[in-house]
Structures are given as C-alpha cells and as structure tokens.
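# Reading the structure
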Amino acid sequence: MWTMIGAAAAGYLLLLARSAWKQGEMRQFLRSLAIVAALCGLVAGAVLLAMLLDLR
C-alpha cells in the first residue's frame with residue numbers, strides 16, 4: 001500500500017517538474033521542493049526527539 005502511495009507521489013512530482021521545465025520555472029520548483037523537504041525533515045526531527053525524550 002505504501003509503495004503505491006510513494007509511486008503516485010513520485011509520479012505527481014515528475015509531472016510537476018515537467019510542467020515547471022516547460023514553463024521555464026524549474027529554479028522556483030526546485031526551491032519550493034527544497035523548502036518542503038526541509039520542513040518535512042524538521043517535523044521528522046521533532047518527532048524523533050519527542051520519541052527519544054519519551055524513552056527516558
């Protein structure tokens with residue numbers, strides 16, 4: 001199930017990248033993608049920290 005969701009998300013990102021490339025907005029797309037990845041990493045880090053603090 002998670003594999004299908006991941007494949008669908010990757011396919012959607014590829015379609016978005018293709019559209020951005022055609023419109024000449026690839027730099028903006030990559031910047032936005034990096035911001036979203038950083039925010040996801042921040043949330044994952046906060047969850048990991050909460051889990052580690054909960055073990056004590």
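Keep in mind it's a predicted model, so treat the numbers as computed, not measured. Starting afresh in each chain, residues are numbered from 1 along the sequence in its written order. Reporting in this predicted model follows two pLDDT cut-offs: at least 70 for local features of residues, and 80 or more for side-chain atom pairs to be given and counted; totals over whole chains, interfaces and linings ignore these cut-offs and use all residues. By convention in this description, side-chain values take in all heavy atoms of the structure and omit both hydrogens and water.

## As for a nonpolar patch on the surface
Each patch is built from residues lacking any salt bridge and having more than 30% relative accessible area; the joining distance is 9 Å for like charges and 5 Å for nonpolar side chains (Val, Leu, Ile, Met, Phe, Trp, Tyr). Only the protein chains shown count as cover for residues, and the accessible areas themselves come from Shrake-Rupley with a 1.4 Å probe. By convention in these notes, a salt bridge is any Lys or Arg side-chain nitrogen within 4 Å of a carboxyl oxygen on Asp or Glu. Residues Tyr12, Leu13, Leu16, Leu30 and Leu33 make up a contiguous nonpolar surface patch of about 450 Å² in total accessible area. Counting from the N terminus, the helices are the DSSP runs of H or I reaching at least four residues and the strands are the DSSP runs of E reaching at least two. At the level of elements, helix H1 (2-22) and helix H2 (26-55) are the ones that each hand at least two residues to the nonpolar patch. Sorting elements by how many residues they give to the nonpolar patch places H1 first, with three residues. Looking at the secondary structure, you find Leu30 in helix H2. Take Leu30: its relative accessible area is 47%, and that puts it in the partly exposed class. Three labels apply to residues, based on accessible area from a 1.4 Å probe with only protein chains included: buried if under 20% of the type maximum, exposed if over 50%, partly exposed otherwise in between.

By themselves, these figures tell us nothing about what the structure is for.
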